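The residues making up each chain are set out below.
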Amino acid sequence: MRTPSRFDVVIAGGGHNGLTAAAYLAQAGRSVLVLERQRHVGGAAVSARVFDGVDARLSRFSYLVSLLPASIIADLGLRVTLRRRRIASYTPSGDRGLLVDNGDQDATAASFAALTGSDADWKAWQKFYARTAALARRVFPTLTEPLRTRAEFRALAGDDEAWDALIEQPLAAVIEREFGHDTVRGVVLSDALIGTFARAGEDSLRQNRCFLYHVIGNGTGDWDVPVGGMGHVTEELARAAREAGAEIRTGAEVTGIDPDGEVSVRDADGEYTVGAGHILANLAPAELARLTGDGVPAANGSAPEGAQLKVNLVLRRLPRLRDSAVTPQAAFAGTFHVHEGYAALEEAYQQAAAGQIPASAPCEAYCHSLTDPSILGPELAASGAHTLTVFGLHMPARLFRADPDGARETALAATLAALDDVLAEPIADCLLTDAAGQPCVEVKSPADLEREIYLPGGHIWHQDLEWPFAEDGADAGRWGVETEHPRLLLCGAGARRGGGVSGLGGHNAAKALLDGSRRRSRPSSRRAAALPGLTSDAGATKERR
């Protein structure tokens, strides 16, 4: 028997955002039920031992953290460590490469000069990223506050030139104006194309929106490695939610949502309904629309479409480089860019837009075990083995529709061949084998993400990212989580400001619910309690708004 059958809040989906909302709301005294279809919580923010007999805990889908505010970690008492990578990136170019070392500006300057033949691009790099860092410090704190208007956000940014370059004009304009070398231009552009199928000069500006979120995280733009793997972040959020009193049911699939306060559920024991004062949807907007019967919304005029290939590898050892001036330990400690020159990215886009897997597949690789050895078992770590995550760009879901299995294999072959192009030896020679003697290689296409974790079109952001402010003339709600139904809120990555492993969708949905309750002066059915970290600015917020 399941009791009770009614909760103050029912959360559909046990991804990290749903757990964030559950923890905040339970701490505030609400009765909370989280329903998760899979046998485990976490959604895309999970870790797993993927290969039989190999003691490596891989961040299977999402893999780095930037946008998770330190305030959420503190509010919820999460025992989470996010470790900064000293090496920002390495980009092979022939028998040399560009190494960006956060700990050694002189070495970075020398690397720029050796590659480009002058110090012009290094100076431009410093100027450009100093401006994005200043912007990040000003605007990131607003992501956990009520939405600013465009004009308010621009005034807060305080830099009209940066605003025009990043918000008003296609990103190509500033990249081509400020940087001269193709490799440097490509490294800058790559942050605009993560899970986003777009050109540098596209008028839609979705590449600009993706870039903005990649440079403002926690006021620094750093992308950090979660110690213990991405699953540890989720485990801590689940612990915080349960300890605050939330109930979490796994293996419980939401099959329908009545926005007036009823959720239909199916589990191993049958079907049932749960009543709710409010419903929070830790679901993609398209999936939510299907469950409510409202019809599937189109983001920016088109259905969601992911554009990436995720490859998980375990290596016996790191591969040798063609560049003798850089060690593999340095090159793979940050983001290892492959075929991501400016021209190469445009060529790959054109090929994919024409319906072909890019021949020279652009991708980037990350060796998390260099930063966090704890994800390897002691014997595996002592053997010199390492994990390698490879993220392919310009792999839109449309390429995998007709023949998902065949296209996946073609895309994998193109991606591994791209790695071979820039290494001194084939990556296959470095692969570890599992207990059955098979190479430790796992690949996930957009079609796989759609099937396995219900991401429409395999879109890692749930839909194209939106600006972190309210557009003029558009009703984005006070918090960017509201729907047309007053008792139904969006709390996933598809909420405005919700993308990435950030907890922002969950935080802002919890804040919207509690903020609305305070405005109506409607007491909770449980004890009244303050919401840590969310009530101190209530007065100032009302004055400002």
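Refer to the structure presented above.
Residues numbered from 1 in each chain as written. Predicted model: local features only at pLDDT ≥ 70, side-chain atom pairs only at ≥ 80, totals over all residues. Heavy atoms only, no water.

### Some words on the sheet that holds strand β17 (residues 441–444)
Part 1 of the reasoning: With mixed pairing, the seven strands of this open sheet are ordered in space as β7-β6-β14-β15-β16-β13-β17. Each end of this open sheet is capped by a strand with a single partner; those strands are β7 (96–101) and β17. Across this sheet, the average inter-strand angle for adjacent strands is 20 degrees, counted without regard to direction.
Part 2 of the reasoning: With four bridges connecting them, strand β15 (residues 363–366) and strand β16 (residues 386–392) associate as antiparallel partners. Among the inter-strand pairings, Cys 363 is bridged to a residue of β16, identified as Gly 392.
Part 3 of the reasoning: The strands touched by helix α3 (residues 105–116) within the sheet are β6 (87–93) and β7, with β7 carrying the most contacts at an inclination of about 155 degrees. (Pairing = 2+ DSSP bridges. Helix = DSSP H or I, 4+ residues; strand = E, 2+ residues; numbered from the N terminus. Axes fitted to C-alpha atoms, helices over the stretch in contact; angles between N-to-C directions. Contact = heavy atoms within 4.5 Å.)

### Quick look at the packing of helix α1 (residues 16–27) against helix α10 (residues 230–243)
Part 1 of the reasoning: Two numbers describe how α1 lies on α10: the axes approach to 8 Å, and their chain directions differ by 25 degrees. The orientation of α1 with respect to α10, classified from their angle, is roughly parallel. The hand of the α1/α10 crossing is left-handed. Where α1 approaches α10, its residues His 16, Leu 19, Thr 20, Ala 22, Ala 23 and Ala 26 are matched on the opposing element by Thr 234, Leu 237, Ala 238, Ala 240 and Ala 241.
Part 2 of the reasoning: A per-class count over the contact of α1 with α10 returns eight nonpolar, three polar and no charged. (Parallel < 35°, antiparallel > 145°, perpendicular 65-115°, else oblique. Left-handed = near helix turned anticlockwise from the far one by under 90°. Nonpolar A, V, L, I, M, F, W, Y, C, P; charged D, E, K, R; others polar.)

### Focus: the side chain of Ser 445
Part 1 of the reasoning: One can find Ser 445 in the loop between β17 and α17 (446–453).
Part 2 of the reasoning: Of the residues examined, Ser 445 reaches a relative accessible area of 0% and is grouped as buried.
Part 3 of the reasoning: Sequence-distant contacts of Ser 445, defined by excluding residues within four places in its chain, comprise Gln 308, Leu 309 and Phe 400. (Buried < 20%, exposed > 50% of the residue type's maximum accessible area, 1.4 Å probe, protein only.)

### Concerning the packing of aromatic side chains
Part 1 of the reasoning: Within the structure shown, the criterion is met by 15 aromatic pairs.
Part 2 of the reasoning: An angle of 40 degrees between the planes, with centres 5.7 Å apart, marks the rings of Tyr 90 and Phe 336 as tilted. Of the two residues, Tyr 90 sits in strand β6 while Phe 336 sits in strand β14 (residues 335–338), which places them 246 residues apart along the sequence.
Part 3 of the reasoning: Taking relative accessible area as the criterion, Phe 336 reaches 0% and is therefore assigned buried.
Part 4 of the reasoning: It is Arg 37 that lies over the ring of Tyr 454; its NZ or CZ is 3.8 Å from the centre.
Part 5 of the reasoning: Seen from the ring of Tyr 342, Arg 185 lies directly overhead, with NZ or CZ sitting 5.7 Å from the centre. (Phe/Tyr/Trp six-rings, centres within 6.5 Å; stacked < 30°, edge-to-face > 60°. Lys NZ or Arg CZ within 6 Å of the ring centre and 35° of its normal.)

### Quick word on the environment of Gly 384
Part 1 of the reasoning: With respect to the helices and strands, the residue Gly 384 is situated in the loop between α15 (378–382) and β16.
Part 2 of the reasoning: According to the relative accessible area criterion, Gly 384 is partly exposed, its value standing at 29%.
Part 3 of the reasoning: Note: C-alpha distance between Gly 384 and Met 395 (11 residues apart in sequence) is 32 Å.
Part 4 of the reasoning: Once residues within four sequence positions are removed from consideration, Gly 384 is found in contact with Arg 316 and Arg 317.

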